[in-house]
Protein chains: 2
Amino acid sequence: MEQQLTIKQIAQLAGVSVGTVDRVLHNRGKVSDKALAAIQAVLDTQSYKYNIHTSAVAFKKTGKSLHLLISIPSSEKGEYWDLVKSGLDRALREYGDISINYEYRFFDQFSSLSCHEVFEAVASQSCSAVILGTTFIEETRELCCRLDERGVPYVFVDGSVPGTHPVGTFMVDQSVCGRLLARLMDGLTPADTDIAVLLPRRIGTQMSNNSALRLQAFRDFFAENRSGRVIQEGFFSVANSPDGASELDSFLESNPRIGGIAVVISAGYRVADAVSAAGRKGIVIGGFDITEGNARCVRAGTIDFLINQHPDRQGFYAVESLLHYLLYGAPDKNMRQLLPIDIVFLENL
Amino acid sequence: MEQQLTIKQIAQLAGVSVGTVDRVLHNRGKVSDKALAAIQAVLDTQSYKYNIHTSAVAFKKTGKSLHLLISIPSSEKGEYWDLVKSGLDRALREYGDISINYEYRFFDQFSSLSCHEVFEAVASQSCSAVILGTTFIEETRELCCRLDERGVPYVFVDGSVPGTHPVGTFMVDQSVCGRLLARLMDGLTPADTDIAVLLPRRIGTQMSNNSALRLQAFRDFFAENRSGRVIQEGFFSVANSPDGASELDSFLESNPRIGGIAVVISAGYRVADAVSAAGRKGIVIGGFDITEGNARCVRAGTIDFLINQHPDRQGFYAVESLLHYLLYGAPDKNMRQLLPIDIVFLENL
DNA sequence: CTTTTCAATGTGTCCGCACACAAAGGTAGA
DNA sequence: TCTACCTTTGTGTGCGGACACATTGAAAAG
């Protein structure tokens, strides 16, 4: 509604030239105390907001171009990290007006060695900023130290790492996810049945940090809750093996009172497929994220609900905020975010 | 990544001047077939995308300013239409770089007369575009006819009206909302209890279209569903009267097997307050939208879940898309949207 | 053949900002 | 006093697009 304050107006009001105002706003020095005070006085009276459009246009003229390095786990199409990537891509496309160069550096989410190697390359490559998928805490911390030294800004997607200094973090609260999973399982299954919570079994890797947080919150919910439900913890194999199905089979046979199965990772569709292959009906299954496999199962009715972390949105915001930071410097309040969590049933898929 | 194609480049490739290219892109006539063909040829080869930043900047120079009329129901702070308004406001703020003037025209959502009068004023006022909250179908249709005649574009928020020609519609699917409500009530209540669905009782007004759609979908769900649950339909008063509570009291007494109450409008907190005032516990209550009252009840544990239509998002997108349309003419694919529906529990509020 | 007319096309200016560069003011050493 | 040098300040240019306006060219009218 109101006319936006422009640099020129500030200059006029403060009795200096636009160049000086520009220097103050970007605090790139060489300004006398007097000029600074005069400009500050104006800024205190009226609030100034960058015009992102003109900023972006002027940025082009500088000929500079931003170089982003994006290092996240590789992933099959439609799986979790591919959804993150699609959000990143969407943002990069949307902000294509600004000239941005970017490179993906994928690592194996189950191999800390792979992560280490890739991060090594990232650390030694020159760039404007880095976007990191936080899977391996130690490796990430190490990389961040080196980036800090070089003064290269970075943002996290899907997790945070204590002791680092990212300019942004985009994640959901895993404890909330776990409690929500628990609450829904508790509510959606008959009170006289048991509830199973299934964890991925992987050879030679420990559980991911996110899964562990979810599991803990899941346990906590029932520990605090007076419902007295019995929780059975079990494992399933994420690999495509016949063993996986039979393992689940025997789990269900030894726990015949199971009324619901909660899966703490995004591979819930594997469990759902095994359960329906076993001909078991009436078991409520809940999992995480609208991956292709999960979406298929929800449509087929074999998965009852999903807790969606909006991986694509996380990716999108990461790029958006980072660009904002790089162009306007101001580390704005949107940079550290716990994003909202959605619950998805067949109807609102 | 790749360099964006500019008007200047197109002009060069087609062997014409930027002015001609500009005329073609905005199809504002006066272009020879030859020039048109040449430019088309270039556009077929490489795809051109407006640079929104420079577009916006150039728009300023024209000195034109957009005039938006926004006519939606008035609402208490924190209630449904106030949430819509906050989304509209947010978008108007975010796009403040472009010089936009806007005026709100509120009407009483329970009075078709009020709506008629306000729409009358809207119809006769000059403006660039109109945003309408579709509450009264007939009145809206009439207004749209007059806007169509004048060539004034308009978008709808929260509903559609057959026989009109909006450039955009931002709503959620009410049938999906109703089914989701039914599915959640069915799943979250013990199978041996009855389910109540409560409708607002208002003096002298009929049920809103949205409520009716939700109710129908709710009924359909249980009609198709083999669960054999008993559904009790009842009324509650939206006014702040002691009668409201006692009415609900007697409803609950005459239906002692009620295990869950579904409220098809966003005033669920009134029901929840009455139920807890009556000292009734263990009844699952589900409602619509994160209004202030509903949020309070979810936090207090008196409402179990909400189906959130994201009214703020609807408002935001309405403004955003409309501006896109006004500035670039292209009625893009984002203009007709069924927005996603969220489910909200205490944990992910 | 000249003048008028008008569609088709080209040119120039500005939007607000970023930054390079030029200019001005001040201080110190010769 | 003058030059050298540094700090502070001002000016000019261009980013890509939008549109007013000037220009061209060819057909129609005189």
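What comes next is a walk through the structure. What you see is a predicted model; the values in this text were computed from it and never measured.

**With respect to the protein's contact with DNA strand D**
Working step 1: Looking at DNA strand D, there are 27 residues lining it, with A:Ser17, A:Arg23, A:Ser32, A:Lys61 and B:Arg28 nearest.
Working step 2: Those atoms of DNA strand D that come within 4 Å of the protein belong to sugar or phosphate at a rate of 62%.
Working step 3: One of the backbone nitrogen or oxygen atoms of A:Val57 is found 3.3 Å away from a base oxygen of DNA strand D.
Working step 4: The contact in question runs from a phosphate oxygen of DNA strand D to an N or O atom on the side chain of B:Ser55, over 3.2 Å.
Working step 5: Among the elements of the structure, α2 (18-25) and α4 (52-61) of chain A together with α4 (52-61) of chain B are those that each provide at least two residues to the surface near DNA strand D.
Working step 6: Here the surface near DNA strand D is composed, by residue class, of 11 nonpolar, 9 polar and 7 charged.

**Examining the protein's contact with DNA strand C**
Working step 1: Taken together, 27 residues form the shell around DNA strand C, and within it A:Arg28, B:Ser17, B:Arg23, B:Ser32 and B:Lys61 come nearest.
Working step 2: Each atom of DNA strand C within 4 Å of the protein belongs either to a base or to sugar and phosphate, the latter forming 64%.
Working step 3: With respect to DNA strand C, the side chain of A:Asp22 contributes an N or O atom lying 3.4 Å from a phosphate oxygen.
Working step 4: Contact between DNA strand C and A:Lys64: a phosphate oxygen at 3.2 Å from a side-chain N or O atom of the residue.
Working step 5: Taken together, the elements giving at least two residues each to the surface near DNA strand C come down to α4 of chain A together with α2 (18-25) and α4 of chain B.
Working step 6: When its residues are assigned to classes, the surface near DNA strand C shows 11 nonpolar, 9 polar and 7 charged.

**Let's talk about the interface of chain B and chain A**
Working step 1: At the interface, 35 residues of chain B touch 36 residues of chain A.
Working step 2: Here chain B meets chain A over a buried area of about 3,300 Å², counting both sides, of which 54% is carbon and sulfur.
Working step 3: Seen at the junction of chain B and chain A, the total is 4 salt bridges.
Working step 4: A:Asp97 is the partner of B:Lys49 in a salt bridge, and the nearest nitrogen-oxygen pair spans 3.6 Å.
Working step 5: Between chain B and chain A we count 7 residue pairs in polar contact (both at pLDDT 80 or more) in total.
Working step 6: Secondary structure elements with two or more residues in the side of chain B that touches chain A: α4, α5 (80-94), β2 (100-107), α8 (174-188) and β12 (342-344) of chain B.
Working step 7: Among the elements that make up the side of chain B that touches chain A, the one with the highest residue count is α8(B) (7 residues).
Working step 8: Of the residues in the side of chain B that touches chain A, the class split is 16 nonpolar, 9 polar and 10 charged.

**Here we look at unusual backbone geometry**
Residue and element names in this part refer to chain A.
Working step 1: Positive phi is not limited to glycine here, since Asp158 has a value of about 75°.
Working step 2: Tracing the backbone shows Asp158 in the loop between β4 (154-157) and β5 (168-171).
Working step 3: One non-glycine residue, Asp289, lies in the positive phi region at around 70°.
Working step 4: Tracing the backbone through its elements, the reader meets Asp289 in the loop between β9 (284-288) and α12 (292-300).
Working step 5: The exposure class of Asp289 is buried, given its relative accessible area of 1%.

**Digging into the sheet that holds strand β10 (residues 305-308) of chain B**
All names here are of chain B.
Working step 1: Pairing in this open sheet of 6 strands is mixed, and the strands run β7-β6-β8-β9-β10-β12 from one edge to the other. Unpaired on one side and paired on the other, β7 (231-237) and β12 mark the two borders of the sheet. This sheet shows a mean twist of 20° between the axes of neighbouring strands, independent of strand direction.
Working step 2: Where strand β8 (residues 258-263) and strand β9 (residues 284-288) come together, 3 bridges link them in parallel fashion. By the bridge assignment, Ile261 is partnered in β9 with Ile285.
Working step 3: Most of the contacts of α8 go to β10, to which it runs at about 165°, and overall it touches β6 (194-201), β8, β9, β10 and β12.
Working step 4: Together, β6, β7, β8 and β9 form the strand contacts of helix α9 (residues 209-224), whose direction differs from that of β6 by roughly 165°.

**A word on the relation of the copies chain B and chain A**
Working step 1: It takes a turn of 180° to lay chain B on chain A, together with a shift of 0.0 Å along the axis; the resulting RMSD is 0.1 Å. The superposition of one copy onto the other is thereby described by a two-fold rotation axis. Residue B:His53 of chain B places its C-alpha closer to the rotation axis than any other residue of that unit, at 2.1 Å.
Working step 2: A share of 100% of interface residues in chain B that are also interface residues in chain A marks the association as one of identical surfaces.

**Concerning the pairing of β6(B)**
All names here are of chain B.
Working step 1: Within β6, 7 of the 8 residues are buried, which leaves the element mostly enclosed by the surrounding structure.
Working step 2: When β6 meets β8, the two strands line up parallel, connected through 5 bridges. Residue pairing for β8: Ile195 is matched across the bridge by Gly260.
Working step 3: As defined by bridge partners, β6 adjoins β7 across 7 bridges and the pair is classed as parallel. Along β7, the bridge assignment pairs Ile195 with Ile231.

**With respect to the nonpolar core**
Most often, soluble globular proteins keep nonpolar side chains buried together rather than apart.
Working step 1: Core analysis: the biggest nonpolar cluster contains 158 residues, and A:Ile261 and B:Ile261 have the highest contact counts within it.
Working step 2: Here A:Ile261 is in contact with A:Met185, A:Ala196, A:Leu198, A:Leu252, A:Val271, A:Val275, A:Ile283, A:Val284, A:Ile285 and A:Gly286, once residues within four sequence places are set aside.

**With respect to α12(A)**
Working step 1: Buried residues of α12(A): A:Gly293, A:Asn294, A:Ala295, A:Cys297 and A:Val298, and no others.
Working step 2: Downstream of α12(A) by one or two residues, A:Gly301 has phi in the positive range, about 85°.

**Overview of the sheet that holds strand β3 (residues 129-133) of chain A**
In sheet architecture, strand pairing relies on hydrogen bonds along the backbone and comes in two forms, parallel and antiparallel.
Residue and element names in this part refer to chain A.
Working step 1: Read from one edge of the open sheet, 6 strands run β2-β1-β3-β4-β5-β11, paired in parallel fashion. This sheet does not close on itself; its edge strands, each paired only once, are β2 (100-104) and β11 (336-338). Pairwise comparison of adjacent strand axes, ignoring direction, gives a mean angle of 15° for this sheet.
Working step 2: Along the sheet, helix α5 (residues 80-94) contacts β1 (66-71), β2, β3 and β4; its crossing angle with β2, the most-contacted strand, is approximately 165°.
Working step 3: Sheet contacts for helix α6 (residues 112-124): β1 and β3; angle to β1, the most-contacted strand, approximately 170°.

**Side note on the pattern of salt bridges**
Residue and element names in this part refer to chain B.
Working step 1: Taken as a whole and assessed by the stated rule, the structure comprises 26 salt bridges over all chains.
Working step 2: For Glu233, the salt bridge identified is with Arg219, shortest N-O distance 2.6 Å. Taken together, the residues span a long stretch of sequence, with Glu233 in strand β7 and Arg219 in helix α9 at a distance of 14 residues.
Working step 3: Where Arg296 meets Asp273, a salt bridge forms, and the shortest distance between an N and an O atom there is 3.0 Å. With Arg296 in helix α12 (residues 292-300) and Asp273 in helix α11 (residues 268-277), this pair connects stretches of sequence that are 23 residues apart.
Working step 4: Of the residues examined, Arg296 reaches a relative accessible area of 42% and is grouped as partly exposed.

**Quick word on the state of the cysteines**
Working step 1: Applying the stated criterion to the full structure yields 0 disulfides over all chains.
Working step 2: For A:Cys115, which is in no disulfide, the shortest distance to another cysteine sulfur is to A:Cys144 and amounts to 10 Å.
Working step 3: Free of any disulfide, B:Cys127 has its nearest neighbouring cysteine sulfur in B:Cys144, separated by 12 Å.
Working step 4: Classification of B:Cys127 by relative accessible area gives buried; the value is 14%.

**Quick notes on the pairing of β4(A)**
Residue and element names in this part refer to chain A.
Working step 1: What you see with β4 is no split at all: Tyr154 and Phe156 on one side and Val155 and Val157 on the other are buried throughout.
Working step 2: Between the parallel elements β3 and β4, the chain passes through helix α7 (residues 137-150) in a crossover that is right-handed.
Working step 3: Taken together, the 3 bridges between β4 and β5 define a ladder with parallel strand orientation. Bridge pairing in β5 links Phe156 to Thr169.

The rules behind the values
- Residues numbered from 1 in each chain as written.
- Chains lettered and ligands numbered in written order.
- Predicted model: local features only at pLDDT ≥ 70, side-chain atom pairs only at ≥ 80, totals over all residues.
- Heavy atoms only, no water.
- Near = heavy atom within 4 Å.
- Polar contact = N/O pair within 3.5 Å; in protein donor to acceptor, adjacent residues only side chain to side chain.
- Helix = DSSP H or I, 4+ residues; strand = E, 2+ residues; numbered from the N terminus.
- Nonpolar A, V, L, I, M, F, W, Y, C, P; charged D, E, K, R; others polar.
- Contact = heavy atoms within 4.5 Å.
- Buried area = accessible area lost by both parts, 1.4 Å probe.
- Salt bridge = Lys/Arg side-chain N within 4 Å of Asp/Glu carboxyl O.
- Buried < 20%, exposed > 50% of the residue type's maximum accessible area, 1.4 Å probe, protein only.
- Pairing = 2+ DSSP bridges.
- Axes fitted to C-alpha atoms, helices over the stretch in contact; angles between N-to-C directions.
- Least-squares fit on C-alpha atoms with pLDDT ≥ 70 in both.
- Core = buried A, V, L, I, M, F, W, Y, C linked by side-chain atoms within 4.5 Å.
- Disulfide = S-S within 2.5 Å.
- Right-handed = clockwise from strand over helix to strand, strands pointing away.

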